[in-house]
Amino acid sequence: MATIRHYYSVATCFARLAIQRQLEYPLFLFSWLLMIPIQYFSGIWMLKIIVDRFQPLGGWDFPELAFIYGLGLLSHGIMVVLFINTWHIDGMVIDGAFDRLLLRPMNVFFQLIASYFNFIGLIDLIPGMVIFIYGCHLVGFDWTMMNIIKIILVIIGGVLIRASLFITLGTIAFWTKRNASMVGFALSMLERGTMYPLSIFPYMIQLLFTFLVPIGFITFYPSIEFLGKSGEFGMPTSIALWTPIIGILCFWLSQRIFKFGLRNYESAGS
């Protein structure tokens, strides 16, 4: 218990300092508060234009697309709040900041995550919640206790899947020193793979996003269950419950990769 209390006190101290730093420049916070909602609301507006002017995407109409888009934004928002430091491991390796984590008598991964609580990232959750609730209204989502529990589990699993991908990519920087291009590619892949139904992609991409990089479980497969749709692959019942399981497995695997990377880490010598 003493160790848990110690880690908790360190995490709260890190979070307090991070929030103070981010609130130091109010205009910067205001700019994010303005730009992020515009970006996401523009995304849902573009989906409506595409469906209204042309046709449903792979049999998915606008209300269903709004549901899947909002669901993806929720896990994205929580991920950028808690795990955004995994995007910047290469910079920490280059400037020597990662070396400091190795010198402290605490778990290295805990320090990496806890050292930057992205308070500004909470702004990502505002349009995400609005769009998701709007999508739920359009599709007539049944707010039963079981469905609410499933939604929470899906969001948690989605966060873990997203975080696992960036932890793994971040670990590559231990050898390559730079991985910003891979992180940028992963962000684009996640945006497209969770914003649209997986069924619109070629069969090989569906296989990739289901079994190798399982981002289809962040939004697509849970939405199939909630909306009563059908997918390309025969999945077992209660697909929504597979998302947290796959999220936990992916996170465990990313931790193994991270620990392996630490054993082979060499300082950049900055």
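Each value, and the rule that gives it
Residues numbered from 1 in each chain as written. Predicted model: local features only at pLDDT ≥ 70, side-chain atom pairs only at ≥ 80, totals over all residues. Heavy atoms only, no water. Helix = DSSP H or I, 4+ residues; strand = E, 2+ residues; numbered from the N terminus. Rg over C-alpha atoms; globule rule 2.2 N^0.38 Å. Buried < 20%, exposed > 50% of the residue type's maximum accessible area, 1.4 Å probe, protein only. Contact = heavy atoms within 4.5 Å. UniProt positions renumbered as here; feature names shortened; annotations may be inferred. Expected span 1.5 Å × (residues − 1). 1 Å grid on protein atoms, 1.4 Å probe; cavity = no way out; pocket = protein on both sides within 12 Å on 5 of 7 lines; lining within 4 Å. Points joined across faces, edges and corners; volume = space filled by probe spheres on them. Nonpolar A, V, L, I, M, F, W, Y, C, P; charged D, E, K, R; others polar. Axes fitted to C-alpha atoms, helices over the stretch in contact; angles between N-to-C directions. Parallel < 35°, antiparallel > 145°, perpendicular 65-115°, else oblique. Left-handed = near helix turned anticlockwise from the far one by under 90°. Core = buried A, V, L, I, M, F, W, Y, C linked by side-chain atoms within 4.5 Å. Phe/Tyr/Trp six-rings, centres within 6.5 Å; stacked < 30°, edge-to-face > 60°. Lys NZ or Arg CZ within 6 Å of the ring centre and 35° of its normal.

Student: Teacher, can you tell me more about the overall build of the protein chain here?
Tutor: A count of helices and strands for the protein chain gives 12 helices and zero strands. Order of helices (α) and strands (β) in the protein chain, N terminus to C terminus: α-α-α-α-α-α-α-α-α-α-α-α. Relative to the globule expectation of 18 Å for 270 residues, the C-alpha radius of gyration of the protein chain, 20 Å, shows essentially globular dimensions. By principal-axis analysis of the C-alpha atoms, the protein chain measures approximately 55 × 40 × 40 Å. Here the protein chain holds 270 residues, and 47% of them are scored as buried. The long-range fraction of contacts in the protein chain, counting pairs at least 24 apart against all pairs at least 6 apart in sequence, stands at 77%.

Student: Explain the side chain of His-76 here, please?
Tutor: Turning to its location among the elements, His-76 is positioned in helix α3 (residues 62–82). Once you skip the residues sitting within four places of it in the chain, His-76 turns out to touch Tyr-40, Trp-87, Asp-124 and Arg-162.

Student: Help me out: how do you make sense of the UniProt feature "transmembrane region" (unreviewed entry) in the protein chain in this one?
Tutor: The sites that UniProt annotates as "transmembrane region" (unreviewed entry) are residues 25–47, 67–87, 108–135, 147–175, 196–221 and 233–253. Summarising residues 147–175: 100% helix, 0% strand, and an end-to-end C-alpha distance of 43 Å. As annotated, residues 196–221 has a helix share of 46% and a strand share of 0%, and its two end C-alpha atoms lie 12 Å apart.

Student: How should helix α8 (residues 145–176) be read in this particular structure?
Tutor: Because each turn of an α-helix spans 3.6 residues, side chains separated by three or four positions end up pointing in the same direction. Taking 1.5 Å per residue as the helical rise, α8 with its 32 residues ought to reach 46 Å, and the 47 Å between its terminal C-alpha atoms agrees with that figure. At the C-terminal side of α8, Lys-177 shows a positive phi close to 70 degrees.

Student: In this structure, what is going on with the layout of surface pockets? I would like to understand it.
Tutor: Rolling a probe over the atoms, with the probe sized like a water molecule, indicates the empty space that remains. Considered as a void within the structure, the largest pocket measures approximately 880 Å³ in volume. Forming the boundary of the largest pocket are 38 residues, of which Val-80, Ile-84, Trp-87, His-88 and Asn-118 lie nearest the centre. Looking at the lining of the largest pocket, the elements that each hand over two or more residues are α1 (2–22), α2 (26–53), α3, α4 (89–95), α5 (97–103) and α9 (180–195). Grouping the constituent residues of the lining of the largest pocket by class yields 19 nonpolar, 12 polar and seven charged. Around the second largest pocket, the lining comprises 20 residues; the ones closest to its centre are Phe-211, Leu-212, Val-213, Pro-214 and Cys-250. Every element with two or more residues in the lining of the second largest pocket is listed here: α8, α10 (203–212) and α12 (242–263). The leading source of residues in the lining of the second largest pocket is α12, at seven residues.

Student: Help me understand the packing of α3 against helix α7 (residues 122–139), please; the structure alone is not making it clear to me.
Tutor: Any two packed helices are characterised by the angle at which their axes cross and by the distance between the axes. Between α3 and α7, whose axes approach to 7 Å, the crossing angle comes to 155 degrees. As far as their axial angle goes, α7 and α3 are roughly antiparallel. In the packing of α3 onto α7, the handedness of the crossing is left-handed. Here the contact of α3 with α7 is composed, by residue class, of 20 nonpolar, five polar and two charged.

Student: What is the right way to look at α2 in this model?
Tutor: Helix length check: α2 (28 residues) gives 40 Å between terminal C-alpha atoms against 40 Å at 1.5 Å per residue, within 8%. Within the span of α2, buried status applies to Ile-36, Pro-37, Tyr-40, Gly-43, Ile-44, Leu-47 and Val-51. Where α2 is buried, its residues meet α3, α7 and α9.

Student: Just checking my understanding: could you explain the nonpolar core for this structure?
Tutor: Where a protein is soluble and globular, its nonpolar side chains tend to be buried together. Formed by 73 residues in total, the largest nonpolar core has its most connected members in Phe-67 and Phe-98. Counting residues in hydrophobic clusters, the runner-up holds five residues, among them Val-10, Phe-14, Met-106 and Ala-114.

Student: I'm lost on the packing of aromatic side chains in this one. Help?
Tutor: Aromatic ring pairs are described here by two measures, namely the spacing of the ring centres and the angle between the planes. For the coordinates displayed, the defined rule picks out 21 aromatic pairs. Relative to Phe-260, the ring of Trp-175 has its centre 5.9 Å away and its plane inclined at 35 degrees; by these criteria the two rings are tilted. Placement of the pair is Trp-175 in helix α8 and Phe-260 in helix α12, with a sequence separation of 85 residues. Its relative accessible area of 44% is what places Trp-175 among the partly exposed residues. Over the ring of Phe-62 we find Lys-48; its NZ or CZ atom is 4.9 Å from the centre of that ring.

Student: Looking at this model, I keep getting lost on the packing of α3 against α8. Mind explaining?
Tutor: In the contact formed by α3 and α8, the axes pass within 8 Å of each other and the chain directions differ by 60 degrees. What the angle tells us is that α3 and α8 run oblique. When the axes of α3 and α8 are compared, the crossing they make is right-handed. Residue-level inspection shows Phe-67, Leu-71, Gly-72, Leu-74, Ser-75, His-76, Ile-78 and Met-79 of α3 in contact with α8, the latter providing Ile-151, Val-154, Ile-155, Gly-158, Val-159, Arg-162, Ala-163 and Phe-166. Residues of the contact of α3 with α8, tallied by class, amount to 11 nonpolar, four polar and one charged.

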